[in-house]
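Take a look at the letters that make up each chain.
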Amino acid sequence: MISYTATIRWSRTGDGDFAKGQYSRAHEWAFDGGAVVPAGPSTHIVPEPWGNPAGVDPEEAFVASLSSCHMLFFVDFARRAGFVVDSYVDEAEGVMEKRADGRMWMSRVTLRPRIVWGDSAPDEASVAELHHKAHDACFIANSVRSEVVVENPTSSLRA
């Protein structure tokens, strides 16, 4: 078993009326490697001044963690197959919707990777297989109910 930790810190600040929900939701995430990330709710859910658009919200972090996990496995599987990846950029998007019971959930995360290959690029079928293997191996994808889709991955050789 492997254990992962994060420390989430929030404290009430400002002069708002707490009982009326007038308080800042800004907080921070601290990780064991020393990184501290400003965080807060999505401003789609909690408007300013009670939300902090400069912070990472949990929904963005969810999308980023899926994308990051997929990318790490994809690059490693490409390496093992003998390909060189020079860069991988994914403009991932998560969609939140209401379920039939009225609760909100992240129903779909779409990955849109753009990959630049080193000396030679694999064919489309090989790229699709690398994405399939990465999705199957990704710990985060294996932990969620959301649909995860790789949409039109684009590849090019280093110029």
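Given the structure is predicted, the values throughout are model-derived calculations rather than measurements.

Student: Any details on the environment of valine 127? Residues and values, ideally.
Tutor: The residue valine 127 is located in helix 2 (residues 124–137) in this model. Among the residues examined, valine 127 registers a relative accessible area of 5% and is labelled buried. Separated by 118 residues in sequence, valine 127 and arginine 9 have C-alpha atoms that sit 41 Å apart.

Student: Residue-level account of the sheet that holds strand 5 (residues 93–98), with values.
Tutor: Strands sit in the order 5-6-8 across an open sheet of 3 strands; the sheet is mixed. Since the sheet does not close on itself, it has two edges, and those belong to strand 5 and strand 8 (147–150), each with one partner. Neighbour-to-neighbour, the strand axes of the sheet open up by a mean angle of 20°, direction not taken into account. Pairing analysis gives 6 bridges linking strand 5 to strand 6 (residues 104–111), with the strands arranged antiparallel. Each bridged residue has a counterpart across the sheet, and for methionine 96 the counterpart in strand 6 is methionine 106. Sitting on the sheet, helix 1 (residues 58–80) touches strand 5, strand 6 and strand 8, and the angle it makes with strand 6 is about 35°.

Student: Give me the lowdown on the environment of aspartate 90, citing residues and values where you can.
Tutor: Residue placement: aspartate 90 occurs in strand 4 (residues 85–90). On the accessibility criterion, aspartate 90 (18% relative accessible area) is buried. Residues aspartate 90 and arginine 112, 22 residues apart in the sequence, show an inter-C-alpha distance of 5.1 Å. Beyond its immediate chain neighbours, meaning those up to four positions away, aspartate 90 contacts Ser67, Leu111, Arg112 and Pro113. In this structure the side chain of aspartate 90 is engaged in a polar contact, spanning 2.7 Å, whose partner is the side chain of serine 67.

Rules and cut-offs
Residues numbered from 1 in each chain as written. Predicted model: local features only at pLDDT ≥ 70, side-chain atom pairs only at ≥ 80, totals over all residues. Heavy atoms only, no water. Helix = DSSP H or I, 4+ residues; strand = E, 2+ residues; numbered from the N terminus. Buried < 20%, exposed > 50% of the residue type's maximum accessible area, 1.4 Å probe, protein only. Pairing = 2+ DSSP bridges. Axes fitted to C-alpha atoms, helices over the stretch in contact; angles between N-to-C directions. Contact = heavy atoms within 4.5 Å. Polar contact = N/O pair within 3.5 Å; in protein donor to acceptor, adjacent residues only side chain to side chain.

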